[in-house]
Amino acid sequence: MMTLEELKRLPLEAERAASAAKNQAELRQAEIRFLGRKSELTLFLRDLKNVPKEKRSLVGRAANETRVRLVEIFEEHTHRLTESLAPIDVTLLGIQPRLGHSHLVSQAIEEISAIFKEIGFKRVRHPEVESDWYAFESLNMPPDHPARDEWETFFMDHSGNVGDRFVLTPHATSGTARVLATRQLPLCVINIQKCYRRQSDVSHVPMFHQFDGLYADQGVTIRHLKGVLEYFVKSYFGAKREVRLRPHHFPFTEPSFEVDISCGICSGRGCRLCKEGWVELGGAGMLHPNVLKAAKIDSKKITALAFGWGVERTLLMRSGLEVPDIRILYENDLRFLEQF
Ligand SMILES: [Zn+2]
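Residues numbered from 1 in each chain as written. Predicted model: local features only at pLDDT ≥ 70, side-chain atom pairs only at ≥ 80, totals over all residues.

1. Here's the deal with the overall build of the chain
Next, step 1: Across its full length, the chain carries 11 helices and 10 strands.
Next, step 2: By the compact-globule yardstick of 20 Å for 340 residues, the chain is too spread out, its C-alpha radius of gyration being 38 Å.
Next, step 3: Referenced to the eigenvectors of the C-alpha coordinate spread, the extents of the chain come out at roughly 115 × 55 × 40 Å.
Next, step 4: Burial analysis of the chain (340 residues in total) assigns 29% to the buried set. (Helix = DSSP H or I, 4+ residues; strand = E, 2+ residues; numbered from the N terminus. Rg over C-alpha atoms; globule rule 2.2 N^0.38 Å. Buried ≥ 20, exposed ≤ 12 C-beta atoms within 10 Å, placed from the backbone.)

This is the structure we're talking about:
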C-alpha cells in the first residue's frame, strides 16, 4: 500500500503525464493509469478498510482530495487537446464594439450653432450657476418680479460674503446680461446652455436647453432681427417656411415679439394642428434700454437685437415627432435614442 507521501505526489505525476499526451488517446491511457480500476489510487481506496480506525478518516479524506484533483487534471487536458484541434481562422471578423452616437439634443445644438456661425454669431458659454443680478435684476426683473418665484427657480445655498443670491440658470438670457457687461462691443454671440426650473410633467423637464442670440452695435434695428430669424428658420426648417413677428411682452426687450413660423403641414393655409397656418417658435425683440443701462452701455448710441427659445422644442417642431411625454428625451432609453 502507498504511503501518504506517495499519495500526495500523485497529482504532480499525473500533471506531467497528462501534459505529455499529444492526443486524446494518449491522454486516456494516462488517465487509466492514474484513475483506472487497477490504478494505485483505486487500490489504495480499496485497502482503506485495513487502515486503523483512528487514522481512517484522515487518510480517507487525503485520498479523496487526491482523486478529485486527478479528475480535474484530466478534464483540463481534455479541454486543451479539444481546443487545439479547432483550426484558427484568421479571416473571421473580430467582435465589433457597439458604436454610439450623439444624443439628438446634442445633434440639434451642433446644427443650430453651425447655422448661426454662418451669419457671424460666435458661440459663447457661461456658468450654470448664476448670480441673481445677471439672472434677474440686470434683465429688468426687479425683486418682486413673478419670474423669480421660489417655486419655479432653484436658488442655491452658499456661504461667504458674496453679497448676492445664486441660482441655477433659469434661462439663457442671463448669459446675454453677462456678455454685455463683460465683453467688448460690437457683440454678435449665441449662447446655448442648460436651464433649470422646478417643473416636471409631460411637456416640461427640470433641465432643458435654450439658445439666446445677441447682436449689439450701432444702428441695429428690427430689420436685422427679422433677417436673422428668417435665415435661421429657412436653414433649419426649410426654404419654404415663413416668419411672422407678433407683438408681445418680455421684461428684457422693448419692443418684444413672439416669433411664429408658417405651419409645415399645411404650408400656412391652416389645418387641424395649427388652426390659422402659423405655429409659435419663441421670443425675440430689441433689448430694453434698462438692460443696456444695467451693463453700463449708452442706449442712445447702441441698440441690440435678442432672441431665444428652447432647443428641445425647436427639435421636436422640425422632426414632427409627437412624443407623448417630453421627459423621454432624458430617460436614456436606447430603444428610443437609437432611432436618431
Ligand atoms: Zn397647419
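What follows picks up the thread again.
2. Describing the domain arrangement of the chain
Next, step 1: As far as domains go, the chain holds domain 1 (4–83) and domain 2 (104–337).
Next, step 2: Each of domain 1 and domain 2 has a C-alpha centre, and these two points are 79 Å apart. (Domains from an automatic or database assignment.)

3. Brief notes about the confidence of the model for the chain
Next, step 1: Here the chain averages 89 in pLDDT, and 97% of its residues register 70 or above.
Next, step 2: Helix H8 (residues 222–237) holds the highest mean pLDDT among the elements of the chain, 96, whereas strand E3 (residues 155–156) holds the lowest, 83. (pLDDT = per-residue confidence, 0-100.)

4. Points about the pairing of strand E7 (residues 243–250)
Next, step 1: Direction of pairing for E7 relative to strand E8 (residues 253–262): antiparallel, over a ladder of 7 bridges. Directly across from Val243, in E8, lies its bridge partner Ile261.
Next, step 2: Between the antiparallel neighbours E7 and E8 lie 2 residues. (Pairing = 2+ DSSP bridges.)

5. So, the packing of helix H1 (residues 4–20) against helix H2 (residues 24–35)
Two quantities define a packed helix pair, namely the angle between the axes and the distance from one axis to the other.
Next, step 1: Axis separation between H1 and H2 bottoms out at 9 Å; the angle between their running directions is 165°. Relative to H2, the element H1 is oriented roughly antiparallel. Where H1 crosses over H2, the handedness of that crossing is right-handed. On the side of H1, the interface is formed by Leu10, Ala14, Ala17 and Ala18, while H2 contributes Leu27, Ala30, Arg33 and Phe34.
Next, step 2: When its residues are assigned to classes, the contact of H1 with H2 shows 7 nonpolar, no polar and 1 charged. (Axes fitted to C-alpha atoms, helices over the stretch in contact; angles between N-to-C directions. Parallel < 35°, antiparallel > 145°, perpendicular 65-115°, else oblique. Left-handed = near helix turned anticlockwise from the far one by under 90°. Contact = placed C-beta atoms within 7 Å. Nonpolar A, V, L, I, M, F, W, Y, C, P; charged D, E, K, R; others polar.)

6. As for the sheet that holds strand E9 (residues 278–287)
Next, step 1: The strand order across the open sheet formed by 7 strands is E1-E5-E6-E10-E9-E8-E7, and the pairing between neighbours is mixed. In the strand order of this sheet, the two ends are held by strand E1 (122–124) and E7, each with one partner. On average, each strand axis in the sheet is inclined to that of its neighbour by 25°, with strand direction left out of account.
Next, step 2: Taken together, the 10 bridges between strand E5 (residues 187–196) and strand E6 (residues 207–218) define a ladder with antiparallel strand orientation. When the bridges of E6 are listed, Leu187 appears paired with Ala216.

7. Describing helix H7 (residues 173–182)
Next, step 1: By the criterion of burial, H7 is predominantly enclosed, with 7 of the 10 residues buried.
Next, step 2: Within the sequence span of H7, burial applies to Thr173, Ser174, Gly175, Thr176, Ala177, Arg178 and Leu180.

8. Points about the pairing of E6
Next, step 1: Note that E6 and strand E10 (residues 302–310) share 9 bridges and pair antiparallel. Each residue of the ladder has a partner; that of Leu214, found in E10, is Ala306.

9. Observations regarding unusual backbone geometry
Next, step 1: Here Leu185 and Pro186 are connected by a cis peptide whose omega angle stands at -5°.
Next, step 2: Residue Pro255 is bonded to the preceding Glu254 through a cis peptide linkage, with omega at 0°.
Next, step 3: Structurally, Pro255 can be placed in strand E8.
Next, step 4: Look at Asn140: it is not a glycine, yet its phi comes out positive at around 65°.
Next, step 5: Here Asn140 lies in the loop between helix H6 (132–135) and E3.
Next, step 6: You will see that Ser267, though not glycine, has its phi angle at about 55°, which is positive.
Next, step 7: Looking at where Ser267 falls in the secondary structure, it is placed in the loop between E8 and E9.
Next, step 8: For Ser267, a count of 13 C-beta atoms within 10 Å translates into the label partly exposed.

10. Thoughts on the sheet that holds strand E2 (residues 129–131)
Paired through their backbone hydrogen bonds, the strands of a sheet run either parallel or antiparallel.
Next, step 1: The strand order E2-E4-E3 describes an open sheet built from 3 strands, whose pairing is antiparallel. Of all the strands in the sheet, the pair left with one neighbour each is E2 and E3.

11. Section: the nonpolar core
Next, step 1: Judged by nonpolar contacts, the single largest core of 47 residues is most densely connected at Leu229, Ala304 and Leu305.
Next, step 2: Excluding residues within four positions of it along the chain, Leu229 makes contact with Val243, Val259, Ala284 and Phe307.
Next, step 3: Formed by 9 residues, the second largest nonpolar core is a distinct cluster that contains Ala14, Leu70, Ile73 and Phe74. (Core = buried A, V, L, I, M, F, W, Y, C linked by C-beta atoms within 7 Å.)

12. Things to note about the environment of Ser131
Next, step 1: Mapped onto the fold, Ser131 is located in strand E2.
Next, step 2: Put simply, Ser131 and Leu168 are 37 residues apart on the chain and 8.6 Å apart in space, counted from C-alpha to C-alpha.

13. Description of H8
Next, step 1: Here H8 contains 16 residues, and its C-alpha end-to-end distance of 22 Å stays within 8% of the 22 Å for a straight helix at 1.5 Å per residue.
Next, step 2: Turning to H8, its buried residues number three or more, namely Leu225, Val228, Leu229, Phe232 and Val233. An end-on view of H8 places all buried positions within 125° of arc, on one side of the element.
Next, step 3: Against helix H5 (104–118), E6, E7, E8, E9 and E10 lie the buried residues of H8.
Next, step 4: Of the residues flanking the end of H8, it is Gly238, one or two places downstream, whose phi is positive at about 125°. (Expected span 1.5 Å × (residues − 1). Arc of directions from axis to C-beta.)

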